[in-house]
Structures are given as structure tokens and as C-alpha cells.
Amino acid sequence: MRETAIETYDMVVLYADPLFKVNSSGEVEQRHHCFEHKEEYNCLTTAIKQTGRFFRIKRMNFSYSNIEKIRAMKPPILHLSIHGHYDDKQQFKIAIEKELTGEEDTLDEKIFARKMKNQINNINLVIVNSCQSVEISQILMEFKIPVVIGVNWSNENMDEDL
């Protein structure tokens, strides 16, 4: 049986964009996001194209199966455009997208660390763009990634004029 070759990339971009979540009462809530990951990705690719260098980027939703694919792709750069938050019990959670439904699921920091630890062997740089990026960055720094950059968003500042 012939194995399918996995392509390698210079950068993998994982984004979380769940369409809805089911709250503790069983009610469906539409998700509203504090940043536009598509615009972020377009700006990123435009900047890379302007360098004139060949650079392979793979963009995937932040799901369980896509986390598992990172290791085989061997990207030296990982860009996470995801959602971190504290729940009602003040436990840190990271939003992840269920494969087929677009429903939001959450990972606690221990599960996130365990899933990511096995996938980051080739990564030299991680860029984290999320609310609570400091918490996510600290988890990733424990794996001795040479550079981890957290770009922090806060819902509290959404209504302020800059």
C-alpha cells in the first residue's frame, strides 16, 4: 500500500473561527470574534509576497485533526490565530473548532499543552494572536521553542477610541 506524502511548509497558520457554541443551558449562541483572522492572513501573505522569496504557507482551522498534522508538515514557523478566555469558574480555556459542525469546543491548558507538545519538534517561532495570548505563550515556552511572540487582544478595549 502506498503512503500519501505530506507536504512540508515554511509556516502553518491555525485559526479558530467557530460559528456557534452550545452554552451550559443547552442553548445555541452565535460566536462573535474580536479579530478578523482572514484579514490578518491576507496581510501576512501580502507582506511575504512583497519579499519576492518563495515561502510555503498552509492555513487550516484549529481542530484536533489539524493539530495532529503539524509535526509531519515540519514548519519552522507556527502562527496561531485563536481564542483564549477564562470561563465562569476562572479556568483558562482555548477555543477549538469541531471538525464537521463548526461548533466551538474548548481545551483546557493541560490538554492544549499535551496536544501541542507532540507536534512542535521543528518549530523555531510561534506567533500567538489571541485574547489571553500571554497564557498560551507561556504554555508554549515550556517546550523550549526559541521564540514565542504573543499579540494580546482584549475585549475590554473594543469600545475605546484609539
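Heads up: the structure comes first, above all this text.
Computed from a predicted model, the values in this text were never measured in an experiment.

## Remarks on the sheet that holds strand E7 (residues 92-97)
Strand order in this open sheet of 3 strands is E6-E7-E8, and the pairing throughout is antiparallel. The open sheet has two edge strands, strand E6 (84-86) and strand E8 (104-108), and neither has a second partner. Neighbour-to-neighbour, the strand axes of the sheet open up by a mean angle of 40°, direction not taken into account. Alignment of E6 against E7, held across 3 bridges, turns out to be antiparallel. By the bridge assignment, histidine 85 is partnered in E7 with lysine 93. Against the sheet, helix H3 (residues 109-117) engages E7 and E8, with an angle of about 85° to E8.

## Some details on the packing of aromatic side chains
According to the stated counting rule, one finds 2 aromatic pairs in the structure shown. The aromatic ring of tyrosine 15 is capped on one face by arginine 59, whose charged end is 4.2 Å from the ring centroid. Positioned above the aromatic ring of tyrosine 41 is the side chain of arginine 59, whose terminal nitrogen or guanidinium carbon lies 5.2 Å from the ring centre.

The rules behind each value
- Residues numbered from 1 in each chain as written.
- Predicted model: local features only at pLDDT ≥ 70, side-chain atom pairs only at ≥ 80, totals over all residues.
- Heavy atoms only, no water.
- Pairing = 2+ DSSP bridges.
- Helix = DSSP H or I, 4+ residues; strand = E, 2+ residues; numbered from the N terminus.
- Axes fitted to C-alpha atoms, helices over the stretch in contact; angles between N-to-C directions.
- Contact = heavy atoms within 4.5 Å.
- Phe/Tyr/Trp six-rings, centres within 6.5 Å; stacked < 30°, edge-to-face > 60°.
- Lys NZ or Arg CZ within 6 Å of the ring centre and 35° of its normal.

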